[in-house]
Amino acid sequence: MKWHQLSIEETLEKLQTKNTGLSTADAEAKLQEFGPNELQEGKKKSIAKMLLAQFKDVMILILLAAAVISGVIGELSDTIVIIIIVVLNAIIGFFQEYRAEKAMEALKQMSVTQAKVLRNGSNSILPATELVPGDVIMLEAGNAVPADVRMIESVNLKIEEAALTGESQAVDKSVDALPGDDIPVGDRTNLAFKGTFVAYGRGTAVVVATGMQTELGRIAKMLQEEESMTPLQQRMASFGKKLSLLVLFLCVAFFVTGWLRGEDLVKMVLTSISLAVAAIPEALPAVITISLALAAKRLIKFNSLIRKLPAVETLGSVTYICTDKTGTLTKNKMHVEDIYVEGELYARKDIAGFIEKPNGKLLLQAFALNNDADTDADKNIKGDSTEVALMEVAIEQQINADEWPRKAEIAFDSDRKLMTTFHEHEGKIISFTKGAPDILLQRCENLHMDLLQQQVDTMAANGHRVLGFAFQYWDTLPEKPDTETHESGLQFLGLAGIIDPPREEVFEAVQQCKTAGIVPVMITGDHQLTAKTIAERIGILGREDDLVVTGQELGGMKEDEFLSKVEKIKVYARVSPEQKLQIVKALQEKGHYVAMTGDGVNDAPSLKRANIGIAMGITGTDVSKEAAHMILLDDNFSTIVKAIREGRRIYDNILKFIKYLMTTNSGELWTLLLGPILGMPIPLLPIHILWINLVSDGLPAISLSFEKAEKDIMNRPPRPPQESVFSNGRGLHMIWVGMLMAAIALGLQAWAIEHDLHWQTIVFNVLCLCQMGHVLAIRSENRSLFEIGLFSNKPLITSVLIGLLLQFVITYVPFLQPVFHTEALSLKEFLIVMVASSIVFIAVELEKLVRRKRSISGQS
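Residues numbered from 1 in each chain as written. Predicted model: local features only at pLDDT ≥ 70, side-chain atom pairs only at ≥ 80, totals over all residues. Heavy atoms only, no water.

Draft legend 1. Seen up close, helix H13 (residues 360-369). Among the 10 residues that make up H13, 9 are buried, leaving the element largely enclosed by the rest of the structure. For H13, the complete set of buried residues consists of Gly 360, Leu 362, Leu 363, Leu 364, Gln 365, Ala 366, Phe 367, Ala 368 and Leu 369. (Buried < 20%, exposed > 50% of the residue type's maximum accessible area, 1.4 Å probe, protein only. Helix = DSSP H or I, 4+ residues; strand = E, 2+ residues; numbered from the N terminus.)

Draft legend 2. Up close: the pattern of salt bridges. Applying the stated rule across the entire model yields 31 salt bridges. A salt bridge links Asp 652 to Arg 719; its shortest N-O distance comes to 2.6 Å. A residue pair is termed long-range when its members are at least 10 positions apart, and Asp 652 in helix H25 (residues 637-677) and Arg 719 in the loop between helix H26 (686-703) and helix H27 (730-754) qualify at 67 residues. With a relative accessible area of 15%, Arg 719 lands in the buried category. In the salt-bridge network here, residues are joined through shared partners; they are Asp 652, Asp 712, Arg 716 and Arg 719. (Salt bridge = Lys/Arg side-chain N within 4 Å of Asp/Glu carboxyl O.)

Draft legend 3. Region of the structure containing the pairing of strand S24 (residues 612-616). Of all 5 residues that make up S24, 5 are buried, and the element is covered over most of its length. Residues Ile 612, Ile 614 and Met 616 line one face of S24 and the alternating positions Gly 613 and Ala 615 line the opposite face, and both faces are buried. Sheet analysis places strand S23 (residues 594-598) next to S24, joined by 4 bridges and oriented parallel. Residue pairing in the sheet places Ala 595 in a bridge with Ile 612 of S24. Taking the sense of rotation as the criterion, the β-α-β connection linking S23, helix H23 (residues 604-609) and S24 turns out right-handed. The pairing of S24 with strand S25 (residues 630-632) spans 3 bridges and is classified as parallel. Within S25, the position partnered with Met 616 by the bridge is Leu 632. (Pairing = 2+ DSSP bridges. Right-handed = clockwise from strand over helix to strand, strands pointing away.)

Draft legend 4. Summary view of the pairing of S23. Among the 5 residues in S23, 5 count as buried, and that is most of the element. In S23, alternate side chains face the same way, and those of Val 594, Met 596 and Gly 598 on one face and Ala 595 and Thr 597 on the other are all buried. Relative to S23, strand S9 (residues 320-323) runs parallel, the two being bridged by 3 bridges. Following the sheet pairing, Tyr 320 is matched in S23 by Val 594.

Draft legend 5. Structural context of the packing of aromatic side chains. Summed over all chains, the structure comprises 11 aromatic pairs. Measuring from ring centre to ring centre gives 6.5 Å for Phe 422 and Trp 474, while their planes differ by 50 degrees; the resulting arrangement is tilted. Here Phe 422 is found in strand S15 (residues 418-425), whereas its partner Trp 474 is found in strand S18 (residues 465-474), with 52 residues between them in sequence. With a relative accessible area of 21%, Trp 474 lands in the partly exposed category. When the centroid spacing of 5.9 Å and the interplanar angle of 85 degrees are considered together, the rings of Phe 471 and Tyr 473 count as edge-to-face. Assessed through its relative accessible area of 10%, Phe 471 is described here as buried. Within the aromatic cluster, the residues linked to one another by ring pairs are Phe 808, Tyr 812 and Phe 830. Its guanidinium or amino end placed over the ring of Tyr 473, Lys 428 lies 5.6 Å from that ring's centre, counting from NZ or CZ. (Phe/Tyr/Trp six-rings, centres within 6.5 Å; stacked < 30°, edge-to-face > 60°. Lys NZ or Arg CZ within 6 Å of the ring centre and 35° of its normal.)

Draft legend 6. Representation of the confidence of the model for the protein within the structure. Taken as a whole, the protein shows an average pLDDT of 85; of its residues, 93% reach a score of 70 or greater. Segment residues 100-104: pLDDT under 50, and 14 contacts once partners within four positions in sequence are set aside and those in other chains are kept. (pLDDT = per-residue confidence, 0-100. Contact = heavy atoms within 4.5 Å.)

Draft legend 7. The arrangement of unusual backbone geometry in detail. The residue Gln 16 is not glycine, and still its phi comes out positive at about 55 degrees. In the Ramachandran plot, Asn 156 falls in the positive-phi region, its phi being about 50 degrees despite a non-glycine side chain. Considering the arrangement of structural elements, one finds Asn 156 in strand S4 (residues 148-160).

Draft legend 8. Representation of helix H14 (residues 385-396) in the model. Over its 12 residues, H14 runs 17 Å from end to end, which matches the ideal 16 Å to within 8%, given 1.5 Å per residue. Taking burial as the measure, the 12 residues of H14 include 9 buried ones, the bulk of the element. For H14, every residue scored as buried is listed here: Thr 386, Glu 387, Val 388, Ala 389, Leu 390, Met 391, Glu 392, Val 393 and Ala 394. You can read the cap of H14 off the contacts: a side-chain oxygen lies 3.1 Å from the backbone nitrogen of Thr 386, and it is on Asp 384. Of the residues trailing H14, Gln 398 is marked for its positive phi of about 55 degrees. (Expected span 1.5 Å × (residues − 1). Polar contact = N/O pair within 3.5 Å; in protein donor to acceptor, adjacent residues only side chain to side chain.)

Draft legend 9. The arrangement of a nonpolar patch on the surface in detail. Taken together, the side chains of Val 252, Val 256, Trp 259, Leu 260 and Leu 265 present a nonpolar region at the surface, about 530 Å² in accessible area. If you tally residues by element for the nonpolar patch, the top one is helix H9 (residues 231-260), at 4 residues. You can see Val 256 is positioned in helix H9. (Patch = residues over 30% accessible without salt bridge, like charges linked within 9 Å, V, L, I, M, F, W, Y side chains within 5 Å. Areas by Shrake-Rupley, 256 points an atom, 1.4 Å probe, with all protein chains shown as cover.)

Draft legend 10. Representation of the nonpolar core. Grouped together as the largest cluster of nonpolar side chains are 126 residues, with contacts concentrated most on Ile 321 and Phe 637. Considering each element in turn, this core owes the most residues, 17 residues, to H25. When residues no more than four places from it in sequence are discounted, the contact partners of Ile 321 are Cys 513, Ile 518, Val 519, Pro 520, Val 521, Ala 595, Phe 637, Ile 640 and Ile 644. Of all hydrophobic cores here, the second largest spans 51 residues; its members include Ala 163, Phe 562, Leu 581 and Ala 604. (Core = buried A, V, L, I, M, F, W, Y, C linked by side-chain atoms within 4.5 Å.)

Draft legend 11. Representation of the sheet that holds strand S8 (residues 304-306) within the structure. Spatially, S8-S25-S24-S23-S9-S20-S22-S21 is the arrangement adopted by the 8 strands of the open sheet, whose pairing is mixed. Bordering the open sheet on either side are S8 and strand S21 (547-550), each of which pairs with just one other strand. The sheet shows a mean angle of 20 degrees between the axes of neighbouring strands, direction not considered. Both strand S20 (residues 519-524) and strand S22 (residues 569-573) contribute to a ladder of 3 bridges, which runs parallel. (Axes fitted to C-alpha atoms, helices over the stretch in contact; angles between N-to-C directions.)

Here is the structure:
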């Protein structure tokens with residue numbers, strides 16, 4: 001129903017009610033029909049279902065199967081270790097999911113508890129949940145609006161709708177019907193909406209929608225949409241499936257081949273379990289989670305609070321930032337930028353140029369006197385943002401309002417769009433009138449109307465909110481000032497151009513985005529001209545084919561047309577919540593990873609749907625914060641760019657430790673597969689592989705997350721979302737370095753067996769130490785360890801030393817030897833292990849040297 005188009009009488013008739021409200025019997029019947037005035041939640045996952053879902057992963061199921069088989073054949077220590085790993089991984093995943101679903105609860109808390117209602121012709125205070133369409137309610141300053149309502153009476157009523165529409169100014173409410181089907185929510189001035197707040201004045205209204213039928217309810221429905229997976233989640237899911245199939249194939253093939261060759265059945269089962277455990281990087285989920293948690297802690301220093309850990313990594317893949325204007329790109333503080341007086345336009349900094357003119361100082365007096373802003377004990381100016389901006393200019397120029405006491409006034413109202421105050425000064429009465437220039441200029445005498453209207457249009461085209469000022473002297477103070485007598489025949493004073501200006505640091509941040517291959521887009525509830533001006537000033541608009549689109553124009557586009565234009569549109573003005581969601585989905589359909597900022601309830605669905613939703617910490621509502629993945633503690637766009645840089649660093653480091661862990665697994669696999677084929681005993685037991693995969697791998701892998709950013713990190717495009725973890729030579733590296741590790745291990749095994757040495761402990765130790773050399777070599781993709789500095793990542797050096805110490809302990813401490821199936825090595829054996837394991841470090845450093853030389857020759 002288009003309630004804004006109907007007159008008050010038509011609205012009451014449609015709702016089968018009247019000015020005096022519903023009877024109790026009618027209200028009860030409607031409550032049965034429409035249900036309570038509250039938001040309904042979507043189907044919730046039970047705690048048990050959430051916990052069980054953590055065990056659905058194929059790799060986890062393979063590990064559990066390996067644990068059961070190990071227990072059956074008597075290897076209980078392996079069973080216990082595997083089960084501990086699986087349970088810890090499930091607990092981490094469960095808590096991540098459990099914390100993520102609170103947006104609906106926050107929406108419900110916004111629901112108002114009490115409302116002042118007319119029932120049976122008299123006032124009642126009722127729970128807001130009992131309101132029904134047709135109820136007549138009273139609103140006054142400080143009230144929250146309890147349902148969607150059509151205004152019946154408005155006395156200077158202003159409603160703060162920023163949380164719902166993104167409109168930074170409180171909206172004046174009227175009672176007249178509004179023509180037009182596609183009027184945006186923010187322009188339906190005869191309606192007020194559930195979850196918004198009365199800032200000023202009072203009014204009476206009739207309820208037109210309750211519960212899920214309200215604008216807030218529609219947002220709640222959109223919040224129940226599925227969240228998109230992060231790049232890493234997508235890549236790891238794909239990687240996990242492929243790896244699981246490979247593991248099953250290898251285990252079955254190995255077992256069947258051995259069985260056909262007449263090998264011992266228990267031995268083949270044990271080897272197959274070893275293969276499964278070797279192929280699966282058990283430490284990877286925990287290492288990723290811990291690294292993301294450490295990164296989230298670090299991001300707090302950049303004023304970024306991470307709510308959902310995968311968001312840290314998503315930052316590195318962002319290709320589009322869709323950002324709100326007010327408070328994020330701008331200061332969220334109105335500022336008088338231009339002043340027009342006596343035929344000339346002055347910038348704020350040039351006020352000294354007009355203050356000596358006859359009307360110059362008088363205009364500044366009008367700024368201060370026709371103004372309801374007030375100064376508190378700490379000299380902070382409080383009040384309407386526009387009036388605060390005017391008062392600041394007057395105070396800067398030391399205008400003393402106390403010398404001109406206010407004696408009377410004609411208050412502002414939304415119909416005449418004017419405000420007049422009367423003051424006494426040096427025995428004279430002077431009135432100052434301010435308001436919308438199109439109304440004010442009609443009330444003035446002796447002026448060049450065309451010239452002034454042209455000036456107003458020019459200022460408005462620059463995105464300014466333009467206010468006009470006029471004055472008049474009176475012989476006596478009027479007893480009952482009225483608009484017809486005292487707001488006509490005025491003397492024009494001047495114009496003020498007011499704007500919420502861009503933050504100083506935003507221009508540089510936008511340029512950094514463009515250099516890094518990220519497209520910034522402005523999405524705002526503000527007007528088209530204002531949005532366009534700010535976008536041009538900060539560099540979001542710069543190319544000829546960049547488009548600016550309003551919500552109304554977007555609503556008129558077909559889906560195909562919008563998809564063809566979405567990558568060219570850089571500014572969206574006056575858009576609805578559904579349209580914000582539509583923008584995110586369209587960009588995602590084009591293959592982009594979208595970061596969306598927002599602070600209002602209206603932003604929550606798009607924040608949740610975006611690849612990374614970024615809520616505002618200062619101005620943001622609880623709903624937007626619950627729906628978001630990340631919260632900006634300073635509401636500043638440039639903070640997003642710093643967070644993206646950090647996200648890229650983290651993702652680079654995640655790729656490094658995936659390369660590190662998978663190379664180790666590759667080495668173990670080659671060793672286990674090729675050893676028996678070459679006629680040697682099974683080189684490693686499951687307990688050895690678990691130790692390598694968890695302890696020897698785990699600490700250095702986590703320490704890789706502390707690695708500093710590569711030099712070109714913000715001078716390259718984002719990683720393509722479809723890019724595999726094996727691309728850019730990483731997969732090849734995992735294979736050849738793994739084969740090198742296996743060759744060293746099997747070569748030493750053959751030599752140790754021939755010389756009757758502790759061959760299994762030698763193989764176990766050489767693989768562990770090869771890893772230490774490998775992790776030092778892969779700290780940078782291209783630069784040598786000696787160039788970046790051995791001690792530039794102290795946590796990594798510490799973890800390598802701890803790894804070496806632990807390896808020494810389990811090799812030489814007697815009571816640990818039976819647990820880990822180790823034997824004490826002689827000095828000769830240990831020195832051979834040390835020398836052999838350094839081959840991997842040298843080989844990887846040579847690989848990087850070749851890559852650097854190729855890169856230099858490619859540039860020349």
